[in-house]
Amino acid sequence: MDATSGSASADTSLSAVAAAIGDPARARMLCSLLDGCARTATELAALAGISASTASSHFTRLRDQGLVEIAIQGKHRYYRLATPQVAAALEALLVVAGVPRTPFMPSTPPHLHHARTCYDHMAGTLAVRMHDAMLAQGWLRVSGEEYALTPEGGAALEKLGLRPQALQRQRRRFAYPCLDWSSRKPHLAGGLGAALLEHFSERGWVSRDLDSRALRFSARGEKQFAAAFGLTAQAD
């Protein structure tokens, strides 16, 4: 392929992506996903001010251009930006356009949004922050659709009082991302997620609400939890 044909191919690809972004409804959908939170088709259609049937064709166009992907959680299907590169491109376009982003506002009751159970592991704001901290500090690394424990992570878990080698020998999946329905970002699931919640309970950091899935951290427990994962104070 000569330089001329290569340039033409690049121009064609760029114009196709630009056309996908350029539709006002699709642009609103994409911008709403810039906060990193996944959204349902119904939510995105409402944000774009279009019907569900019309939104379906828009989703297909965005997926075909590699701008969004689908995350399936139980019976629910969520859309999110496909890559960090897509987010960076949209951010740059917003700067040029001079338009601010609108943050995601969860409607989940505060006590469930902060911390709750998701099957046998922890969900909610604290769980999402723990998940992000473990990746940021290099305790876990992405391995396909799951997480693998690094040597640094193994040492950190042992310091917490867990036995990571025994957890890795279990027949269940060791660690993987589980989309949090209140934060719309991943928290940690698998054998490691379950072991961490059990560990927090045994240490008296957290107790389970008898009437709901809410988890209640004591003031001391939340401070120790934050110190264990290098978290700073942050409002939900």
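Scroll up to find the structure.
What counts, and where the lines are drawn
- In every chain, residue numbers begin from 1 and rise along the written sequence.
- Local features in this predicted model are restricted to residues of pLDDT 70 or higher, and side-chain atom pairs are both shown and tallied only at a pLDDT of 80 or more, whereas totals for entire chains, interfaces and linings draw on every residue.
- Water and hydrogen atoms were dropped before computing side-chain values, which therefore reflect all heavy atoms in the structure.
- Detection works on a 1 Å grid of protein atoms alone, calling trapped sets that fit a 1.4 Å probe cavities and calling open sets with protein on both sides within 12 Å along at least five of seven lines pockets, with lining residues defined by an atom within 4 Å of a point.
- Grid points are joined across faces, edges and corners, and a volume is the space filled by probe spheres set on the points.
- A run of DSSP states H or I qualifies as a helix once it reaches four residues; a run of E qualifies as a strand once it reaches two. Both are numbered from the N-terminal end.
- The classification used treats Ala, Val, Leu, Ile, Met, Phe, Trp, Tyr, Cys and Pro as nonpolar, Asp, Glu, Lys and Arg as charged, and all other residues, Gly among them, as polar.
- For every domain, the bounds stem from an assignment made automatically or drawn from a database.
- Nine residue types can take part in a nonpolar core, namely buried Ala, Val, Leu, Ile, Met, Phe, Trp, Tyr and Cys, and a core is a set of them joined through side-chain atoms within 4.5 Å.
- Only protein chains enter the accessibility calculation, which uses a 1.4 Å probe. A residue is then buried if its area is under 20% of the maximum for its type, exposed if over 50%, and partly exposed in between.
- Here, residues are in contact when the closest pair of their heavy atoms is within 4.5 Å.
- At least two bridges found by DSSP between two strands is the condition for calling them paired.
- Working note: the arc is built from the helix axis to C-beta atom directions.
- Only C-alpha atoms enter the line fits that serve as axes; for helices the fit covers just the stretch in contact. Angles between N-to-C directions range over 0 to 180 degrees.
- Roughly parallel means an angle under 35 degrees; roughly antiparallel means over 145; roughly perpendicular covers 65 to 115; every other angle is labelled oblique.
- Crossing handedness follows the turn of the near helix against the far one: under a right angle anticlockwise gives a left-handed crossing, and clockwise gives a right-handed one.
- Multiplying 1.5 Å by the residue count of a helix minus one yields the expected span of that helix.

Estimated volume of the largest pocket: approximately 670 Å³. Every residue lining the largest pocket is counted, 27 residues in all, and those nearest its centre are Ile72, Gln73, Pro177, Cys178 and Leu179. For the lining of the largest pocket, the secondary-structure elements that each account for two or more residues are strand 2 (68-73), strand 3 (76-81), helix 7 (125-136) and strand 8 (176-179). Split by residue class, the lining of the largest pocket holds 14 nonpolar, seven polar and six charged. Both domains that meet at the lining of the largest pocket, namely domain 1 (12-97) and domain 2 (110-229), each give it at least three residues.

On to the nonpolar core. With 32 residues, the main nonpolar core has Met122, Met134, Leu192, Leu196, Phe200, Phe225 and Phe229 as its most contacted residues. Among the elements of the structure, helix 7, strand 7 (146-149), helix 8 (151-160), helix 10 (191-202), strand 11 (215-217) and helix 11 (219-229) are those that each provide at least two residues to this core. Once residues lying within four places of it in the same chain are set aside, the contact partners of leucine 192 are Met134, Leu140, Leu157, Leu162, Leu167, Phe174 and Ala175. Counting residues in hydrophobic clusters, the runner-up holds 21 residues, among them Leu30, Leu67, Leu90 and Leu94.

The strands that make up a sheet are held in pairs by hydrogen bonds between backbone atoms, and each pair lies either parallel or antiparallel. Across the sheet, which stays open at both edges, the three strands sit in the order 1-3-2 with antiparallel pairing between neighbours. With one partner strand each, in any of the chains shown, strand 1 (39-40) and strand 2 form the two edges of the open sheet. Taken together, the two bridges between strand 1 and strand 3 define a ladder with antiparallel strand orientation. In the sheet register, threonine 40 faces strand 3, and the bridge partner there is tyrosine 78.

Right, let's get into helix 3 (residues 41-48). Each α-helix winds once per 3.6 residues, and so residues spaced three or four apart point in a common direction. When we look at burial in helix 3, the residues that qualify are Leu44, Ala45 and Ala48. An end-on view of helix 3 places all buried positions within 100 degrees of arc, on one side of the element. Helix 3 presents Thr42 and Ala46 as exposed residues on the side facing more than 90 degrees away from its buried surface. Against helix 2 (24-32), strand 1, helix 4 (52-64) and strand 3 lie the buried residues of helix 3. Glycine 49 sits one or two residues past helix 3 and shows a positive phi near 70 degrees.

The next point concerns the packing of helix 2 against helix 4. Relative orientation and spacing of two packed helices are given, respectively, by the angle between their axes and the distance between those axes. Here helix 2 crosses helix 4 at 70 degrees, and the two axes come no closer than 10 Å. By the angle between their directions, the pair helix 2 and helix 4 is classed as roughly perpendicular. Crossing geometry of helix 2 relative to helix 4 is assigned as right-handed. Between helix 2, through Ala25, Arg26, Met29 and Leu30, and helix 4, the contact on the second element is made entirely by Ala55, His58, Phe59, Arg61 and Leu62. For the contact of helix 2 with helix 4, the class distribution of residues is six nonpolar, one polar and two charged.

Counted at 1.5 Å a residue, the expected span for helix 5 (residues 84-97) with its 14 residues is 20 Å, and the 20 Å between its end C-alpha atoms agrees. Buried within helix 5 we find Val86, Leu90 and Leu94. Looking straight down helix 5, one finds its buried side chains confined to an arc of 75 degrees; they lie on one side. Within helix 5, the exposed residues directed more than 90 degrees away from the buried face are Pro84, Gln85, Val95 and Val96. One or two steps after helix 5, the chain reaches glycine 98, where phi turns positive at roughly 70 degrees.

Interpretation note: all reported values are geometric properties and have no functional meaning in isolation.
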